Amino acid sequence: MNTAIIPVSKLEDDCYDWWARHSQVLAEQGAIDPEIVLIGDSITHFWGGQPESETVHGEQKAWQSVFAGKRVLNLGFGWDRTQNVLWRLEHGQLVGLSPSWVVINIGTNNTSETANARANTAAEIRDAVRAICDRVQAEAPAARIVLMGVFPREEHPEHPTRKLISDINVLYKQFAEERNYVFLDIGSLMLDKDGILSREIAFDTCHLTEKGYNIWADALRRVLS
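Residues numbered from 1 in each chain as written. Predicted model: local features only at pLDDT ≥ 70, side-chain atom pairs only at ≥ 80, totals over all residues. Heavy atoms only, no water.

Colleague: Would you mind going over the packing of aromatic side chains with me for this structure?
Modeller: The description of an aromatic ring pair uses the distance of the two centres, along with the angle that the planes make with each other. The final tally for this structure, using the stated rule, is 14 aromatic pairs. An angle of 55° between the planes, with centres 5.5 Å apart, marks the rings of Trp-18 and Trp-87 as tilted. Taken together, the positions of Trp-18 in helix H1 (residues 18-32) and Trp-87 in helix H4 (residues 82-90) put the pair 69 residues apart, joining distant regions of the chain. Ring geometry for Trp-63 against Phe-67: centres 4.4 Å apart, planes inclined by 55°, an arrangement best described as tilted. Here the residue Trp-63 and the residue Phe-67 both occupy positions in helix H3 (residues 61-67), the gap between them amounting to 4 residues, near one helical turn. (Phe/Tyr/Trp six-rings, centres within 6.5 Å; stacked < 30°, edge-to-face > 60°. Helix = DSSP H or I, 4+ residues; strand = E, 2+ residues; numbered from the N terminus.)

Colleague: In this structure, what is going on with the packing of helix H5 (residues 122-139) against helix H6 (residues 160-179)? I would like to understand it.
Modeller: Each pair of packed helices gets described by two things: the angle between the helix axes and the distance between those axes. Interaxial distance between H5 and H6 falls to 9 Å at its minimum, and their mutual angle equals 35°. Judged by the sense of rotation from one axis to the other, the crossing of H5 with H6 is right-handed. Here Ala-122, Ala-123, Ile-125, Arg-126, Val-129, Arg-130, Cys-133, Asp-134 and Gln-137 of H5 come into contact with H6, specifically with Leu-164, Asp-167, Ile-168, Leu-171, Tyr-172, Phe-175, Glu-178 and Arg-179. Among the residues making up the contact of H5 with H6, the classes are represented as 10 nonpolar, 1 polar and 6 charged. (Axes fitted to C-alpha atoms, helices over the stretch in contact; angles between N-to-C directions. Left-handed = near helix turned anticlockwise from the far one by under 90°. Contact = heavy atoms within 4.5 Å. Nonpolar A, V, L, I, M, F, W, Y, C, P; charged D, E, K, R; others polar.)

Colleague: When you look at empty space enclosed by the protein in this model, what are you seeing that I'm missing?
Modeller: Take a probe with the size of a water molecule and roll it over the atoms, and the empty space left behind shows itself. Counting across every chain of the model gives 1 cavity of 30 Å³ or more. Considering the residues around the largest cavity, the lining is formed by Asp-41, Ile-43, Asn-105, Ile-106, Gly-107, Thr-108, Val-150 and Phe-151. (1 Å grid on protein atoms, 1.4 Å probe; cavity = no way out; pocket = protein on both sides within 12 Å on 5 of 7 lines; lining within 4 Å. Points joined across faces, edges and corners; volume = space filled by probe spheres on them.)

Colleague: What am I meant to see in the pairing of strand E3 (residues 101-105) here?
Modeller: A regular strand places its side chains on the two faces of the sheet in alternate fashion. Most of E3 sits out of view: 5 of its 5 residues are buried. Of the two faces of E3, the one carrying Trp-101, Val-103 and Asn-105 and the one carrying Val-102 and Ile-104 are both buried. Note that strand E1 (residues 36-40) and E3 share 5 bridges and pair parallel. Looking at the pairing, Ile-39 lines up with Ile-104 of E3. Where E3 lies against strand E4 (residues 144-148), 4 bridges are found, and the strand directions are parallel. Within E4, the position partnered with Val-102 by the bridge is Ile-145. Between E3 and its parallel partner E4, the chain crosses via H5, and the hand of that crossover is right-handed. (Buried < 20%, exposed > 50% of the residue type's maximum accessible area, 1.4 Å probe, protein only. Pairing = 2+ DSSP bridges. Right-handed = clockwise from strand over helix to strand, strands pointing away.)

Read these as spatial facts, not as claims about activity.
Encoded structure:
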C-alpha cells in the first residue's frame, strides 16, 4: 500500500498549529485571490507570505525579490508529506481560486521515517505528486504548474537520503516532461564542488537560510516573469 497517496490530516507536531493554519487558509484564500499558489512543507511555509506565519526563516529579501507586488497564497505546512497535501486539497484549499501559477515543492518529508508515518520509495513519492497535480489541475485547470526538484538535505553526499532524493528527482523530471510542466531542479546550486550542503545554505542541512532562499527565488523569478 502506497501511504504517500492516501490523504491524511496532521501527522506530526511542529512549532505551529496545523489545524489553525488550515482554517486560516480557508478564511483568507478568497480575499487573497492569488495569482500564484505555493504548495509545500516547512521550507515553503516558513519563507513568508500569506497566511502569515509566526516563524519565518531568512530576511524576506529573497521573498520580495520574486513575489513583491504579486498576490501569493502560501500553502506550505511544516512537516507535511504528500498525503497531507492531498488531504488539504480535498478539503478546500484551492476551491474557487484561479491562479496563473502553482509551484509545488513537496516530497522531502516522505523520505523520513517517524512513529507516525513510514518513509516512501521514489516511485511512491512520484505517484503521490502525480495525484497532487491531478487535483490541482481539476481545481485550477488554467494554472501552469512548476514542479520543484526535492532540495538536497543532509550535509554529505554519501548520506543515503541524498541517493533517494536523486532518484525522486529523476522521476519528477520524467513526469514533468510528460505533462509539459516546468521542472526546476536547483539542488546542484545549493552544493559546493564536493557535494557538501553548507549550513550557510541550509542551517540544519534541510531548512533554508536567506542565502538558500535566494537561490530558489532566482530560479522562480526567471520562470514567473
